[in-house]
Amino acid sequence: MIEIKVYDDTNERVDVYLSDELDEYSRSFIQKLIKKNKVKVNGDFIKAKTILNKNDQIILEIPEDKKLEIKAEDIKIDIVYEDEYVGVVYKPRNMVVHPAPGNYSGTLVNALLYKFNSLSNINGKKRPGIVHRIDKDTTGLLMIAKTNEAHISLAAQLKEHSVSRKYIALVEGNINEDKGTINAPIGRNPKDRKKMCVTDYNSKEAITHFNVLKRFKKYTLIEAQLETGRTHQIRVHMKHIKHPVVGDKIYGIRNQKFNLEGQLLHAKTIGFIHPISKEYLEFSSDLPDDFSNILRILESKY
């Protein structure tokens, strides 16, 4: 069972909203669940065309694959912080956050099941403890919920945009402004549903703030802070202003100069209110070696 609260005025159909929120499930799959009365809004069964309103409560019953068994695996990950309610972990490059069709091992979830003695189960068997995600080829910090109480609190903070999330990115070209804000709605690319884009159609508000840290001859190092948290937000926004992230194979330039396994985007800092103690906690992490090596090369040349 998955519970979702609508925090924004979406004015979207429920099937569209859910396929965007739960991007591992297709819109047709969501529509089948609705027809089978597996989706409720505010306690009532609905139709796929039902329009959602702010503060609506959605409950989905997604049948678990009885053959599916997500196994604990002894995979090396860095635990930055842990108590009985929450954890903060460092996700390396080339690691998927949670299992999905065709990729049921080697994920962060497999590692968490081995490292932690308890994880929240609000998001089902495939996503224990997972409150938010970063892309496979993005490195950095993630909050982990060890109890359902903690999960609800952290998820609410994300929806309320009160979690501090700062990223470091190397982008193509020189950004002339020392700082700026990109306020451009993001939705599915109508020509390729696997991609996101800036669009006014079936989109959601997306706001990214950035500060220039250093300029090189053909590149700019920035710190980006998320106000919202849309899928691929920083990558899409930087492409939108014609400064895509270096190494981005989906939204970046075709002819990449560096032989990289993924984009140079790092979730450096995360800060949140502890669900139980109500204390503000903030954690930071170092850049991965490949990112640091590229910066050293640029500094030596420029």
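The preceding data block contains the structure.
Residues numbered from 1 in each chain as written. Predicted model: local features only at pLDDT ≥ 70, side-chain atom pairs only at ≥ 80, totals over all residues. Heavy atoms only, no water.

### Overview of the nonpolar core
Counting residues in each nonpolar core, the largest one holds 32 residues, and the members touching the most others are Val 89, Leu 108, Leu 112, Ile 222 and Met 238. When contributions to this core are tallied by element, the ones reaching two or more residues are helix H3 (108–115), strand E7 (139–145), strand E8 (164–172), strand E12 (207–215), strand E13 (219–226), helix H5 (233–240) and strand E14 (265–273). Top contributing element to this core by residue count: H3, with four residues. Setting aside residues up to four positions removed in sequence, Met 238 forms contacts with Val 171, Ile 175, Ile 182, Ile 222, His 243, Pro 244 and Val 245. Counting 19 residues, the second-largest nonpolar core is a separate cluster that includes Ile 2, Tyr 17, Leu 22 and Ile 62. (Core = buried A, V, L, I, M, F, W, Y, C linked by side-chain atoms within 4.5 Å. Buried < 20%, exposed > 50% of the residue type's maximum accessible area, 1.4 Å probe, protein only. Helix = DSSP H or I, 4+ residues; strand = E, 2+ residues; numbered from the N terminus. Contact = heavy atoms within 4.5 Å.)

### Some details on the pattern of salt bridges
On inspection of all chains with the given rule, the structure shows eight salt bridges. Measuring nitrogen to oxygen at the nearest pair gives 3.0 Å for the salt bridge that ties Arg 27 to Asp 15. Of this pair, Arg 27 sits in helix H2 (residues 27–35) while Asp 15 sits in helix H1 (residues 14–21), and the two are 12 residues apart along the sequence. Residue class for Arg 27 comes out partly exposed when judged on its relative accessible area of 34%. Arg 93 is paired through a salt bridge with Asp 290; the nearest N and O atoms lie 2.8 Å apart. Highlighted residues: Arg 93 in the loop between strand E6 (86–91) and H3 and Asp 290 in helix H6 (residues 289–301), separated in sequence by 197 residues. Using a relative accessible area of 13% as the deciding quantity, one classes Arg 93 as buried. What you see here is one network of salt bridges that share partners, running through Arg 13, Asp 15 and Arg 27. (Salt bridge = Lys/Arg side-chain N within 4 Å of Asp/Glu carboxyl O.)

### Focus on a positive patch on the surface
A cluster of basic residues, Lys 217, Lys 218, Lys 257 and Lys 301, forms a positive patch at the surface. If you trace the backbone, Lys 217 turns up in the loop between E12 and E13. (Patch = residues over 30% accessible without salt bridge, like charges linked within 9 Å, V, L, I, M, F, W, Y side chains within 5 Å. Areas by Shrake-Rupley, 256 points an atom, 1.4 Å probe, with all protein chains shown as cover. Lys, Arg positive; Asp, Glu negative; His and termini not counted. Charge placed at Lys NZ, Arg CZ, Asp CG, Glu CD.)

### Section: H3
Where H3 is concerned, the buried positions are Leu 108, Val 109, Asn 110, Ala 111 and Leu 112. If you follow the buried residues of H3, they end up packed against E6 and E7. A distance of 3.3 Å separates the backbone nitrogen of Val 109 from a side-chain oxygen at the start of H3, and that oxygen is part of Thr 107. (Polar contact = N/O pair within 3.5 Å; in protein donor to acceptor, adjacent residues only side chain to side chain.)

None of the figures reported here should be taken as evidence of function without further support.
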